[in-house]
Amino acid sequence: METTGGSGMLKDLLEYLAKSLVDSPDEVHVEATETDTTVVLELSVAKDDVGKVIGKQGRIARALRTIVKASAVRDGKRAIVEIID
Amino acid sequence: MTEPDDLQPLDDGEDDDTEFATLAGAATIQEAKRKALDQLRKVVPYVNEADVDFVVMEEGSKGGFFGRGKSEARVEARLRPSGERVAGDLPSAAEVLREFVHTTVELMGIEAHVGASVVGEALRADISGDDLGLLIGRHGATIDALQYIAAIVVNGDRRERRQVTVDAEGYRERREVALSSLAERTAQKVVREGAAVALKPMTAAERKVIHLHLKDHPRVETVSEGNEPFRAVVVSPKRPPG
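Caption draft 1: Just the packing of aromatic side chains, in detail. Scanning the entire structure with this criterion turns up 1 aromatic pair over all chains. Aromatic pair Tyr16(A) and Phe100(B): ring centres 5.8 Å apart, planes at 20°, arrangement stacked. Of this pair, Tyr16(A) sits in helix H1 (residues 6-21) while Phe100(B) is found in helix H2 (residues 92-107), placing the two residues in two different chains.

What follows is the structure, given as structure tokens:
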């Protein structure tokens, strides 16, 4: 099981998930900042799409974080997903 | 666990419409059917159960008296030729589901195969692979998150929401068995100690398994308490009638 590893893959994953949920996929951007232990992913989407990546009571955001964090474990890192609104 | 049997196309040599059949063995007929179906899906991604004929080759037994030990149930699953399939082409919703789950799993860096199918009104995706522990997560947290997002992606804004199940290597069934046994043990404890027991927070689907399992229990009753995502089942002694 090889991965290209690092934040690149996590960035692609979050970007794909977000694009699948929103109305304006072209406006989905993920900014990744990586340290030795942590990857911070900042997700921004079109104004009208913010609700689509957060969900009622933050359920969608929580599910996105769960999936991304699970992936980061593979690289021995902690992932933090921030949604810019 | 047994090795999957070979999956070979049955070529009747007459037309190019290949037929697929596979044989699977497991402890029960039900399980063997599921395995056979999974094996078919490895070659033909979209298999509707309605298009598969199952033939029970061996019923299997739990082991007899004469030291003969137990034998496996063996079931052959045969996919009908495409011309005879009721399902026809894969409905687009299942295709969307398969594509979404497949790409997500791939981007998670997990090597796996994904098949999708339509079961009545509901859709399901089955992920198979060697090392899916990470994908499933603690008490299924990761696969539940994936299932939640997948349902939104498939249903979009449509009012009639189709139920979407994402499963990996029979995890859902295993989890249901584990939850039923938890329900059983908890009920015994509640009866023994005469005090209510609150279980850990669970998803709605998991709570339902507990409620259903104890629905007809003579001495305990169940309610869900708290707000998502911390909503949990409380099992308490049944109040005496009247």
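Caption draft 2: Region of the structure containing the interface of chain B and chain A. Each side of the interface is counted separately: chain B has 22 residues, and chain A has 21 residues. Between chain B and chain A, roughly 2,000 Å² of surface is buried when both sides are summed, and carbon and sulfur atoms account for 73% of that area. For chain B, the biggest contributors to the area lost against chain A are Leu107(B), Tyr148(B) and Ile149(B); these three give 29% of the whole. The tally of links between chain B and chain A comes to 1 residue pair in polar contact (both at pLDDT 80 or more). When residues of the side of chain B that touches chain A are traced back to their parent elements, those giving at least two are H2 and helix H4 (141-155) of chain B. Counting residues per element, the side of chain B that touches chain A draws most heavily on H4(B), at 8 residues.

Caption draft 3: Representation of unusual backbone geometry in the model. A positive phi angle is found at Gln57(A), which is not glycine, with a value near 50°. Relative to the assigned elements, Gln57(A) resides in the loop between helix H2 (50-54) and helix H3 (59-73).

Caption draft 4: Examining the nonpolar core more closely. Grouped together as the largest cluster of nonpolar side chains are 57 residues, with contacts concentrated most on Leu43(A), Val101(B), Ile127(B), Leu135(B), Leu146(B), Ile149(B) and Val166(B). Membership of the second largest hydrophobic core comes to 13 residues, among which are Val190(B), Met202(B), Val209(B) and Val235(B).

Caption draft 5: Inspection of H3(A) at higher detail. Compared with the 21 Å implied by 1.5 Å per residue over 15 residues, the 21 Å span of H3(A) between its first and last C-alpha is a close match. When H3(A) is considered as a whole, its buried residues turn out to be Ile60(A), Ala61(A), Ala63(A), Leu64(A), Ile67(A), Val68(A), Ala70(A), Ser71(A) and Ala72(A).

Caption draft 6: Geometry of the sheet that holds strand S2 (residues 38-44) of chain A. All names here are of chain A. The 3 strands are arranged S1-S2-S3 in an open sheet whose pairing can be described as mixed. Strands with a single pairing partner mark the edges of an open sheet, and in this sheet they are strand S1 (29-34) and strand S3 (78-84). Taken over all neighbouring pairs, the strand axes of this sheet differ in orientation by 20° on average, direction set aside. Running at roughly 150° to S3, H3 makes contact with S2 and S3 of the sheet.

What counts, and at which threshold
- For every chain, the first residue of the written sequence is number 1, and numbering continues from 1 along that sequence.
- All chains are assigned letters beginning at A, and all ligands numbers beginning at 1, according to the order in which they are written.
- At least 70 in pLDDT is required for a residue's local features to be given in this predicted model, at least 80 for side-chain atom pairs to be given and counted, and no such filter applies to totals for whole chains, interfaces and linings, which use all residues.
- Neither water nor hydrogens contribute to the side-chain values; these are computed over all heavy atoms in the structure.
- When two rings of Phe, Tyr or Trp (its six-membered ring) have centres within 6.5 Å they constitute a pair, described as stacked for plane angles under 30 degrees, edge-to-face for angles over 60, and tilted for the intermediate range.
- For the purposes of this entry, the term helix denotes a DSSP run of H or I that reaches at least four residues, the term strand denotes a run of E that reaches at least two, and both are numbered from the N terminus.
- Contacts are assigned to residue pairs with any non-hydrogen atoms lying within 4.5 Å of each other.
- Computed with a 1.4 Å rolling probe, the buried area is the accessible surface lost when two parts are put together, summed over both parts.
- For the purposes of these results, a polar contact is taken to be a pair of N or O atoms within 3.5 Å, where, inside protein, one atom must be able to donate a hydrogen and its partner to accept one; residues adjacent in sequence count only when each atom of the pair is a side-chain atom.
- Working definition of a nonpolar core: buried Ala, Val, Leu, Ile, Met, Phe, Trp, Tyr and Cys residues. They are joined through side-chain atoms within 4.5 Å.
- The cut-offs for exposure are 20% and 50% of the maximum accessible area for each residue type, with area from a 1.4 Å probe on protein chains only; residues under the lower value are buried, those over the upper are exposed, and the others partly exposed.
- Take the number of residues in a helix, subtract one, and multiply by 1.5 Å to get its expected span.
- Following DSSP output, two strands are said to pair if at least two bridges run between them.
- Working convention: axes come from line fits to C-alpha atoms, limited for helices to the stretch in contact. Angles between N-to-C directions cover 0 to 180 degrees.

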